[in-house]
Amino acid sequence: MSGDLHAERVVLQRGARSGLPVIVAVHSTALGQALGGCRLAQYPDWRYGLADALRLAAAMSDKCALAGLAHGGGKTVVALPPGRVLDPAGRRDLLHDVGDVIASFGGTYATGPDVGTGPDDMVTIAERTPWVFCRPVPAGGSGDSSEYTAVGVLAALRAVAAHRFGSADLAGRSFAVLGLGRVGGSVARMLAEAGATLLAADVDAGRRALAEGYGATWVSPHDCLTADVDILVPAALGGLLTARSVPELRCAAIAGPANNQLDSPATADLLHERGILWAPDIVVSAGGVIHAVAVELHHETSAQATARVRGIGGTLTAVLDTARATGSTPAAAARHHADRLIGPTG
Ligand SMILES: NC(=O)c1ccc[n+]([C@@H]2O[C@H](COP(=O)([O-])OP(=O)(O)OC[C@H]3O[C@@H](n4cnc5c(N)ncnc54)[C@H](O)[C@@H]3O)[C@@H](O)[C@H]2O)c1
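Everything in this summary refers to the structure shown in the same document. As the structure is a prediction and not an experimental result, all values here were calculated from the model. (Residues numbered from 1 in each chain as written. Predicted model: local features only at pLDDT ≥ 70, side-chain atom pairs only at ≥ 80, totals over all residues. Heavy atoms only, no water.)

### Examining helix H10 (residues 287–296)
Cut-off, in case you're wondering: Three exposure classes are used, based on accessible area relative to the maximum for each residue type with a 1.4 Å probe and protein chains only: buried under 20%, partly exposed in between, and exposed over 50%. Secondary structure elements are taken from DSSP: a helix is a run of H or I of four residues or more, a strand is a run of E of two residues or more, and numbering for both begins at the N terminus. Contacts are residue-level and defined by heavy atoms, with any inter-residue pair within 4.5 Å sufficient.
For H10, the buried fraction is high: 9 of the 10 residues fall into the buried class. Considered for burial, the residues of H10 that qualify are Gly287, Gly288, Val289, Ile290, His291, Ala292, Val293, Ala294 and Glu296. Tucked inside the fold, the buried residues of H10 contact strand S3 (34–35), helix H1 (46–66), helix H4 (146–165), helix H11 (302–310) and helix H12 (312–326).

### What about the side chain of His337?
Tracing the sequence through the fold places His337 in helix H13 (residues 330–342). In contact with His337, not counting residues within four places along its chain, are Leu66, Ala318, Val319 and Thr322.

### Details of the nonpolar core
Here is the rule: What we call a nonpolar core is a set of buried Ala, Val, Leu, Ile, Met, Phe, Trp, Tyr and Cys residues that are connected through their side-chain atoms within 4.5 Å. Note that domain bounds follow an automatic or database assignment of domains.
With 56 residues, the main nonpolar core has Leu157, Val160, Phe175, Val187, Leu191, Val233 and Leu316 as its most contacted residues. If one sorts the elements of this core by residue count, H4 sits on top with 9 residues. Composition of this core by domain shows at least three residues from each of domain 1 (9–62 + 71–139) and domain 2 (146–285 + 314–342).

### Here's the deal with empty space enclosed by the protein
What counts is decided by this rule: Buriedness for pockets is judged along seven lines, at least five of which must meet protein on both sides within 12 Å for an open set on the 1 Å grid over protein atoms alone, while cavities are sets there where a 1.4 Å probe fits but cannot get out, and lining residues have an atom within 4 Å of a point. Grid points are joined across faces, edges and corners, and a volume is the space filled by probe spheres set on the points. For this classification, the nonpolar set comprises Ala, Val, Leu, Ile, Met, Phe, Trp, Tyr, Cys and Pro, the charged set comprises Asp, Glu, Lys and Arg, and every other residue, Gly included, is treated as polar.
Summed over the entire model, instances satisfying the criterion amount to 3 cavities of 30 Å³ or more. Of the pockets and cavities examined, the largest cavity occupies roughly 60 Å³. Contributing to the lining of the largest cavity are Leu56, Ala59, Met60, Lys63, Lys75, Asn259, Asn260, Asp281 and Ile282. Elements that contribute at least two residues to the lining of the largest cavity include exactly H1 and helix H9 (281–284). When residues in the lining of the largest cavity are grouped by element, the largest group, 4 residues, is from H1. Grouping the amino acids of the lining of the largest cavity by side-chain chemistry returns 4 nonpolar, 2 polar and 3 charged.

In structure tokens:
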């Protein structure tokens, strides 16, 4: 890794009310205001939170550019010490601290929900700054975006099926959905409606009834990851594709919403060598941000915004076609497309 700072501006500040480390990283505003969610998670140390913020902000720049949005990438991370649980008053104080740091960016960056935060938290942040997306609909926002992220994932799965198997029809195709949370649960429902055969897993056994309600076979997370299926759908946390896990995979293709699925860029080459088609998550997972920007900034109807989200299928096809034509990995092709749109930033 080089010692260069791949970000336009980074603020690391101890919250005046909470005393917790609030990190806001803006990677790029070359295309416009930077967007990126607010992550509230435990880290061994704030330095890990800073590294995460920088990495996630850079990924948001690529995600926005590839989605055709006039926005750059940023991220907010609050690094909670291990074991730290916030009571409601402490959470409110922290979110006000977050709002103050975001306000100091003067509108060059806006946030939204991410791991550990939801639409209601955006209402609290908005008490300190207007630069907030995805408040609940009654509070003037576009609400939880995960359903639209799932719509985008479905469009991506059809594009992958067409590219890998010659037909976008999902009926009769087999899928392993790893993680049945807000996005994964909706993806499983949509796949079941499309007539697909499903395996599903989650570390939360409470999700089993949901899976079985969609006709999915419930398996362990490891069996889901290594299942012999047409397409693996990572919908839990990132970092699951590694030099260790890739040799164990038996799927033909991978496409899902989980952010940062590859533990390192070199893992894309390992997947390519094994003949497994990997759809870059920065393209697959953009539905939520596409919908929020279309509704909240461009005042489009949800139907118009949803049609834009389905455009992810065409974007992914273009990336996969470039990869095929140049003999490169889809990751390298996505990098090439993003660089063409925003210029090399790193
Ligand atoms: N919500 C969105 O709109 C959105 C947008 C873009 C990207 N993403 C990404 O998609 C992923 C899922 O997001 P979400 O909003 O559905 O989150 P979520 O927290 O609602 O769901 C995640 C699910 O994964 C499960 N899980 C966690 N670790 C697991 C493991 N090791 N094995 C199996 N299951 C595990 C959790 O129990 C949970 O049910 C995340 O990586 C997120 O960053 C979400």
